[in-house]
Amino acid sequence: MNGFQLYFRLIQISLQGHMQYRANFIAGILGLIVWNVINLGLIGILVTQFTSLNNWTLWELVFLYCLWILGHSLYSLFFSHTNQLEDYLIEGTFDQFLLRPASPLIQLLGRELQYNEIADLLIGVTGLSLAYAQLALDWDGWKWSFFIMAVLSGAVIVWATNLLIACSAFWTGRSRGTFIIVSPFYGLVQQYPVDIFGNAFRIIVTSLIPVAFINYYPALFLLDKLDYTSSGWWLSYMSPLVALLLIGIVSRVWHLALRRYTSSGG
Amino acid sequence: MKIFWSFTRQAFQFVAAYRFNFFTEIFLILLRMYGVYWVWKILYTQRPGAFGVDLGQMITYGVLGMALEIFMWSRPQMYMSRQVKSGAIDTDLMKPLDFHIHMLARSLGETLVSLGVLAIPALAIAYFVLGVNLPPDVWTGMLFVVSLGLGYLVLFHLNFLLGSLAIVTLDIRHISWAYYSVVRFFGGQMIPLWLFPPFLAWLAAVLPFQSTYFIPMSIYIGNLSGPEAIQAIGFQLVWLVVLVLISRLLWSWAHRRLVVQGG
């Protein structure tokens, strides 16, 4: 069994477990839909009353939001268990992954399918289609392929960033605090164009926690909002490279972490 | 009354000892305040004095919305759902205090911690850094405190009702997500109700949620004053009475249906 097969087998088992509780499944999906619709509603009200937000119109902001949601839903659907790494380290249950003859990373990721994130996937696709129609966009093949790359890179960027944070628990024993600290950055980048928050904020979400590459930078190019005279215009094309770079860093760190790991003795 | 305060003190000590890391939490709140500050600032450069409110008032409203967010939400519903799931709810029912009052005492303890330790320091920092207004006069300040207290009680009872539901449905985690966002939306936590389009504004004016954020915060910035403010406080009072009655009824019904597992 190779890594992929093993991953999907584990996911299948987790899904079968979840499907025993059908009411929860439906409540979970409805809950997420309401949550997102209300978030979009808030942005919608603001922008209709003030006509735009720093030259971002209503449907451009919907596009921005849904580009995030789409990339993020791919991550949280399949890999959101990443954030739970800390629990395995503290309880010493991480040992079980090392004892079995398969990659510990795949065992960790395959632990859970966040099935109700299907809702996010639906909202992302619906919102993006609506925005595409409303903004009368007409992409050529190159833009479509860039769009698909951007969504996939977005998923990789969230995953890699979160796994890096989770890995810090190998050294410090704790990663929850860091997750809590980055969460409002995620929230702000998801909902608003980064350019309204000033330079310090932009630098943080471009380099330290590079989440602006999930939606803001690719959207600038995809929505033809790119100003080629500005100094950082090329950042708009960088999402795939950032994703690759992060994969490189994560795999180094993961191997270092495994070598460092000493069980808490469970 | 003495028993009531002992439960409050217990919840206070529990939260103070375990629940949070001070610097992380303060950082989070300030970052949220910073975000909302910039959103309003940008919108108001586009259109100064929109809807008869100036930038200072609007920033105060937004920052206050983030501060209230921290302490208005005690979580009796989470406690209730946890106790029902583990079966430990029977020990709560044996305590020498009515369950509804017991929950209120606990909530008050949680709220006092987050108000004193987080919200007030964060507001003080925001006052110096972001330029938040003080209320226009002492009378307004007093009305704000009264309205805030009523808003807190309204929200507590809404949460308590959700918690009573947990006795029947066992899992309220997923419903909670929808519930939180509805309360914040119709409560005007982020966007004041005067910006809502007519139908939503009407809906928000009838529902109890505006008692939680919108009424106290509008009074604070001086946008609701005089007889209008008194009327709004009357609105909160009426809803509070209604919610207390429903809570008592629903709880006694849920209590009868309660099946303790294991325990």
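Reading the values: rules and limits
Residues numbered from 1 in each chain as written. Chains lettered and ligands numbered in written order. Predicted model: local features only at pLDDT ≥ 70, side-chain atom pairs only at ≥ 80, totals over all residues. Helix = DSSP H or I, 4+ residues; strand = E, 2+ residues; numbered from the N terminus. Rg over C-alpha atoms; globule rule 2.2 N^0.38 Å. Buried ≥ 20, exposed ≤ 12 C-beta atoms within 10 Å, placed from the backbone. Contact = placed C-beta atoms within 7 Å. Nonpolar A, V, L, I, M, F, W, Y, C, P; charged D, E, K, R; others polar. Core = buried A, V, L, I, M, F, W, Y, C linked by C-beta atoms within 7 Å. Axes fitted to C-alpha atoms, helices over the stretch in contact; angles between N-to-C directions. Parallel < 35°, antiparallel > 145°, perpendicular 65-115°, else oblique. Expected span 1.5 Å × (residues − 1). pLDDT = per-residue confidence, 0-100. Left-handed = near helix turned anticlockwise from the far one by under 90°.

## Some thoughts on the overall build of chain B
Consideration 1: Scanning chain B from terminus to terminus reveals 11 helices and 0 strands.
Consideration 2: Reading the secondary structure of chain B in the N-to-C direction produces α-α-α-α-α-α-α-α-α-α-α.
Consideration 3: Relative to a compact globule of 263 residues, whose C-alpha radius of gyration would be 18 Å, chain B shows 19 Å and is just as compact.
Consideration 4: Across its three principal directions, the C-alpha atoms of chain B cover 60 × 40 × 35 Å.

## What about the overall build of chain A?
Consideration 1: Counting its regular elements, chain A contains 12 helices and 0 strands.
Consideration 2: Shown N-terminal to C-terminal, the secondary structure of chain A runs as helices and strands in the order α-α-α-α-α-α-α-α-α-α-α-α.
Consideration 3: Relative to the compact-globule value of 18 Å for 266 residues, chain A shows a C-alpha radius of gyration of 20 Å, a close match.
Consideration 4: In terms of principal-axis extent, the alpha carbons of chain A reach across some 60 × 45 × 35 Å.
Consideration 5: When burial is assessed residue by residue, chain A has 37% of its 266 residues classed as buried.

## Here we look at the interface of chain B and chain A
Consideration 1: Listed per partner, the contact involves 26 residues of chain B and 26 residues of chain A.
Consideration 2: Listing elements by their share of the side of chain B that touches chain A, those giving two or more residues are helix 2 (22-46) and helix 8 (173-187) of chain B.
Consideration 3: Per-element tally for the side of chain B that touches chain A: the top contributor is helix 2 of chain B, with 11 residues.
Consideration 4: Among the residues forming the side of chain B that touches chain A, the class breakdown is 17 nonpolar, 6 polar and 3 charged.

## Topic: the nonpolar core
Consideration 1: Residues Phe63, Cys66 and Ile157 of chain A together with Val63 and Ala67 of chain B are the most contacted members of the largest nonpolar core, which totals 148 residues.
Consideration 2: Looking at this core element by element, the count peaks at 16 residues for helix 3 (residues 58-79) of chain A.
Consideration 3: Other than its neighbours up to four places away in sequence, Val63 of chain B contacts Met33, Val36, Tyr37, Ala126, Leu130 and Val132 of chain B.

## Some details on the packing of helix 9 (residues 176-191) of chain A against helix 2 of chain B
The geometry of a pair of packed helices is captured by two quantities: the angle between their axes and the separation between those axes.
Consideration 1: Two elements in contact, helix 9 of chain A and helix 2 of chain B, have axes whose closest approach is 10 Å; the angle formed by their N-to-C orientations is 5°. For the element pair helix 9 of chain A / helix 2 of chain B, the angle class is roughly parallel. Contacts between helix 9 of chain A and helix 2 of chain B involve Gly177, Ile180, Ile181, Pro184 and Leu188 of chain A from the former and Thr24, Phe27, Leu28, Leu31, Arg32 and Gly35 of chain B from the latter.
Consideration 2: Considered class by class, the residues forming the contact of helix 9 of chain A with helix 2 of chain B number 7 nonpolar, 3 polar and 1 charged.

## Observations regarding the environment of Ala102 of chain A
All names here are of chain A.
Consideration 1: Along the polypeptide, Ala102 turns up in the loop between helix 5 (95-99) and helix 6 (104-109).
Consideration 2: Taking the C-alpha atoms as reference, Ala102 lies 8.4 Å from Leu6; in sequence the two are 96 residues apart.
Consideration 3: Leave out the neighbours within four places in its chain, and Ala102 touches Leu6 and Gln107.

## Brief notes about unusual backbone geometry
All names here are of chain A.
Consideration 1: With a phi close to 50°, Asn54 is a non-glycine residue in the positive phi region.
Consideration 2: Note that Asn54 resides in the loop between helix 2 (22-50) and helix 3.
Consideration 3: Taking the number of C-beta atoms within 10 Å as the measure of exposure, Asn54 has 14 and is therefore partly exposed.
Consideration 4: Of note, the phi angle at Asp224 is positive, near 55°, even though the residue is not glycine.
Consideration 5: Mapped onto the secondary structure, Asp224 falls in the loop between helix 11 (216-222) and helix 12 (239-260).

## As for helix 7 (residues 118-134) of chain A
All names here are of chain A.
Consideration 1: Under the 1.5 Å per step criterion, the end-to-end length of helix 7 is 24 Å for 17 residues, consistent within 8% with the ideal 24 Å.
Consideration 2: Those residues of helix 7 that are buried lie in contact with helix 2 and helix 3.
Consideration 3: Two residues or fewer after helix 7 comes Ala136, characterised by a positive phi angle close to 50°.

## Quick word on helix 11 (residues 226-257) of chain B
Residues and elements named next belong to chain B.
Consideration 1: End to end, helix 11 covers 47 Å across 32 residues, agreeing with the expected 46 Å (1.5 Å per residue, within 8%).
Consideration 2: Looking only at helix 11, the buried set comprises Ala229, Ala232, Ile233, Gln236, Trp239, Leu243, Ser247 and Trp251.
Consideration 3: Buried residues belonging to helix 11 abut helix 6 (99-129), helix 7 (138-169) and helix 10 (214-220).

## Some points on the confidence of the model for chain B
Residue and element names in this part refer to chain B.
Consideration 1: Averaged over chain B, the pLDDT score is 86; the fraction of residues at 70 or greater is 95%.
Consideration 2: Across chain B, the element-wise mean pLDDT spans from 73 in helix 1 (residues 2-18) up to 94 in helix 10.
Consideration 3: The complex prediction reports pTM at 0.86, with the ipTM value standing at 0.83.

## Quick notes on the packing of helix 8 (residues 141-172) of chain A against helix 12 of chain A
All names here are of chain A.
Consideration 1: At a closest axis distance of 9 Å, the pairing of helix 8 and helix 12 adopts a crossing angle of 25°. Regarding the angle of helix 8 to helix 12, the classification is roughly parallel. Crossing geometry of helix 8 relative to helix 12 is assigned as left-handed. Contacts from Met149, Ala150, Ser153, Val156, Ile157, Ala160, Thr161, Leu163, Leu164, Cys167 and Phe170 in helix 8 reach Ser239, Pro240, Val242, Ala243, Leu246, Ile247, Ile249, Val250, Val253, Trp254, Ala257 and Arg260 in helix 12.

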